[in-house]
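Residue-level listing of the chains:
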Amino acid sequence: MPDQSQPSASPLASGSIAERLAVVRGRIAAAAVAAGRDPGDVRLLVATKTQTPDAVLDALAEGVDLIGENRVQELVAKAPAVADRVTQGELQVHMIGHLQRNKINQVLATATCLETLDSLDLARAISDRCLRDGRTGDRALEVMVQVNVTGEESKSGLAPDDAAALATAVAALPGLRLTGFMTIGARLDGSGEEAVRAGFARLRAIRDEVRASGAPGTASATELSMGMTGDLELAIAEGATIVRVGTAVFGPRPTPV
Ligand SMILES: *Cc1c(COP(=O)(O)O)cnc(C)c1O
């Protein structure tokens, strides 16, 4: 565990991360209150893609307890910096990018949740691996089903009409624990607020339908991971329990990912 009394390697970045985090937390709390919700019911996931391990540690020093990585390569590269905190239960690491089957092992070794499950084939492969490793019950891998609520070809996730069936099948697999649903909203500038909100509402309706089914393993599917820097207020208004924020915490990324 890093000694927090040591001056940070990058004091400027550290200060600005602290200030930006305060702004983001303020936005989350205000949006929750405006929606008549308890601010404590919305968790901040800090999206750490393209950030250095030091930048991630700066965020953790400010009380961040949930981070998300898009690429397995980055997940693995940052794992040593955060592994102790994960083991101690102080930090959760979510995989929020598409996962290829040949990288399942790396994700199982370093992530606490896979938010981007979008096929039964992948789900079965991960569950089988978990079973082989003795990971069932409390040690099963947390997963969310990623839904493409906008129907844009460029976005991953499965069609809304197929989401409930996949979630129900996933919930029954012994190596996985279904914790909820994830989506990337429509582009706010291209679609307008109403369309963005409608997409988030769709994800909530899918979650509610799956839970109401009473099918085995679906009671734990409470989470709605939706909302990013540009649209987190809209997502919270529609019930987000996790918002995934990168730019508003770290500043603009050098290259788009
Ligand atoms: C990058 C990313 C985010 C955060 O996006 P920002 O606009 O930088 O807040 C959230 N979710 C996913 C899946 C991402 O790839």
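Above this text you will find the structure in question.
Residues numbered from 1 in each chain as written. Predicted model: local features only at pLDDT ≥ 70, side-chain atom pairs only at ≥ 80, totals over all residues. Heavy atoms only, no water.

Undergrad: In this structure, what is going on with helix α5 (residues 120-132)? I would like to understand it.
TA: Three or four residues apart is the spacing at which side chains of an α-helix point the same way, because the helix has 3.6 residues per turn. Taking 1.5 Å per residue, 13 residues should reach 18 Å; α5 reaches 18 Å between its end C-alpha atoms and fits that length. Of the residues making up α5, those classed as buried are L122, A123, A125, I126, S127 and C130. Against α4 (104-110), β4 (113-117), β5 (141-146), α6 (160-171) and β6 (176-182) lie the buried residues of α5. Of the residues trailing α5, G134 is marked for its positive phi of about 70 degrees. (Helix = DSSP H or I, 4+ residues; strand = E, 2+ residues; numbered from the N terminus. Expected span 1.5 Å × (residues − 1). Buried < 20%, exposed > 50% of the residue type's maximum accessible area, 1.4 Å probe, protein only. Contact = heavy atoms within 4.5 Å.)

Undergrad: Would you explain the nonpolar core in this entry?
TA: Inside soluble globular proteins, nonpolar side chains tend to come together where they are buried. Membership of the largest hydrophobic core comes to 69 residues, with the highest contact counts inside it found for L117, I126, L176, F181, I236 and V243. I236 has contacts with I28, A31, A32, A35, R37, V42 and V243, leaving out every residue within four places of it along the chain. The next biggest cluster of nonpolar side chains, apart from the first, holds eight residues, and it includes L45, L66, C113 and I242. (Core = buried A, V, L, I, M, F, W, Y, C linked by side-chain atoms within 4.5 Å.)

Undergrad: What is the right way to read the pattern of salt bridges from this model?
TA: In a structure, side chains of opposite charge can pair up when their charged atoms sit close to one another. A full pass over the atoms with the stated rule returns 10 salt bridges. The residue R43 makes a salt bridge to E223 at a minimum N-O spacing of 3.8 Å. On the criterion of sequence distance, the pair formed by R43 in strand β1 (residues 43-47) and E223 in strand β7 (residues 223-225) is long-range, its members being 180 residues apart. Here K78 ties to E74 by a salt bridge, and the two come within 2.7 Å at their closest N and O atoms. Placement of the pair is K78 and E74 together in helix α3 (residues 72-87), with a separation of four residues, close to one helical turn. One salt-bridge network, in which partners are shared between bridges, spans E69, E74 and K78. (Salt bridge = Lys/Arg side-chain N within 4 Å of Asp/Glu carboxyl O.)

Undergrad: Any chance you could explain unusual backbone geometry here in plain terms?
TA: Where the residue is not glycine, phi is negative for most of them; where a peptide bond is considered, it is trans in most cases. Of note in this structure, T50 is not a glycine but carries a positive phi near 70 degrees. Following the sequence through the fold, T50 ends up in the loop between β1 and α2 (53-61).

Undergrad: Can you walk me through the site of the ligand in this structure?
TA: Neighbouring the ligand are 13 residues, the closest being K49, N70, T229, T247 and R253. At 2.6 Å, a side-chain N or O of K49 approaches an oxygen atom of the ligand. At 2.8 Å, a side-chain N or O of R253 approaches an oxygen atom of the ligand. In the complex, the protein chains occlude 90% of the 390 Å² of accessible area that the ligand would expose alone. (Near = heavy atom within 4 Å. Polar contact = N/O pair within 3.5 Å; in protein donor to acceptor, adjacent residues only side chain to side chain. Areas by Shrake-Rupley, 256 points an atom, 1.4 Å probe, with all protein chains shown as cover.)

Undergrad: Sorry if this is basic, but what is going on with the packing of α6 against helix α8 (residues 193-213) here?
TA: The relative placement of two packed helices comes down to the angle between their axes together with the axis-to-axis distance. The interhelical angle for the contact between α6 and α8, taken along N-to-C directions, is 30 degrees, at an axis separation of 10 Å. Here α6 lies roughly parallel to α8, going by the angle between them. Helix-helix and strand crossings are classified by hand; for α6 and α8 the assignment is right-handed. On the side of α6, the interface is formed by P160, D161, A163, A164 and A167, while α8 contributes R202, I206, E209 and V210. (Axes fitted to C-alpha atoms, helices over the stretch in contact; angles between N-to-C directions. Parallel < 35°, antiparallel > 145°, perpendicular 65-115°, else oblique. Left-handed = near helix turned anticlockwise from the far one by under 90°.)

Fair warning: the whole summary comes from geometry, so function is off the table for now.
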